[in-house]
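Here is what each chain is made of, one letter per residue.
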Amino acid sequence: MKSPLWWRHLKSRLLPARRLHVVNGDSLPRTLPRRDIVLARDDDGDWCIGMRCPCGCGQTIELMLLREVRPRWDLSIDDRGRPSLRPSVWRQVGCHSHFWLKHGRVQWCD
Ligand SMILES: [Zn+2]
């Protein structure tokens, strides 16, 4: 279930920044952390981000980092280890959530 917007704004302000977990291999873990972001890395480098949709629906979001795929995202990690993604994430199915991940925090677009 998608939480109301005011609740999502409040949560992203009050809760600590989401951290990045790195896993090695060519697949994401079957169970993703409730809030944190998972980076999958194999011999060729970083290839995919996995996270649960922060709206409250809990659906898995997979974002490709590979240069040759579309759509794709850029991951940056600040000096405190907090992840940012570019461009924004916009789910085309289910909850249709639209948000940015900046310095480990979700910024809602709706
Ligand atoms: Zn959602």
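Residues numbered from 1 in each chain as written. Predicted model: local features only at pLDDT ≥ 70, side-chain atom pairs only at ≥ 80, totals over all residues. Heavy atoms only, no water.

## Some points on the coordination of the zinc ion
Each protein donor to the zinc ion is listed here as Cys-53 (SG), Cys-55 (SG), Cys-57 (SG) and Cys-95 (SG); together their distances run 2.2 to 2.4 Å. Classification of the site at the zinc ion rests on its 4 donor atoms, whose angles at the metal span 106 to 113°, yielding the label tetrahedral. Take Cys-53: its relative accessible area is 4%, and that puts it in the buried class. (Donors = N, O, S within 2.8 Å, 3.2 Å for Na, K, Ca; no water. Tetrahedral: all angles 85-135°; square planar, octahedral: opposite > 155°, others 65-115°. Buried < 20%, exposed > 50% of the residue type's maximum accessible area, 1.4 Å probe, protein only.)

## A word on the nonpolar core
Of all hydrophobic cores here, the largest spans 18 residues; its most connected members are Ile-49, Ile-61, Leu-63, Leu-85, Val-89 and Phe-99. Looking at this core, the elements with two or more residues in it are β2 (37-42), β3 (45-52), β4 (60-64), β8 (98-102) and β9 (105-108). Once residues lying within four places of it in the same chain are set aside, the contact partners of Val-89 are Ile-61, Leu-63, Trp-73, Ser-97, His-98 and Phe-99. Counting 6 residues, the second-largest nonpolar core is a separate cluster that includes Leu-28, Val-38, Ala-40 and Cys-48. (Core = buried A, V, L, I, M, F, W, Y, C linked by side-chain atoms within 4.5 Å. Helix = DSSP H or I, 4+ residues; strand = E, 2+ residues; numbered from the N terminus. Contact = heavy atoms within 4.5 Å.)

## Observations concerning the packing of aromatic side chains
Enumeration over the complete set of coordinates arrives at 2 aromatic pairs. Taking 5.9 Å as the distance between ring centres and 75° as the angle between the ring planes, the aromatic pair formed by Trp-6 and Trp-7 counts as edge-to-face. Judged by its relative accessible area of 59%, Trp-6 falls in the exposed class. Positioned above the aromatic ring of Trp-108 is the side chain of Arg-8, whose terminal nitrogen or guanidinium carbon lies 4.3 Å from the ring centre. The side chain of Lys-102 reaches across the aromatic face of Trp-100, ending 4.8 Å from its centre. (Phe/Tyr/Trp six-rings, centres within 6.5 Å; stacked < 30°, edge-to-face > 60°. Lys NZ or Arg CZ within 6 Å of the ring centre and 35° of its normal.)

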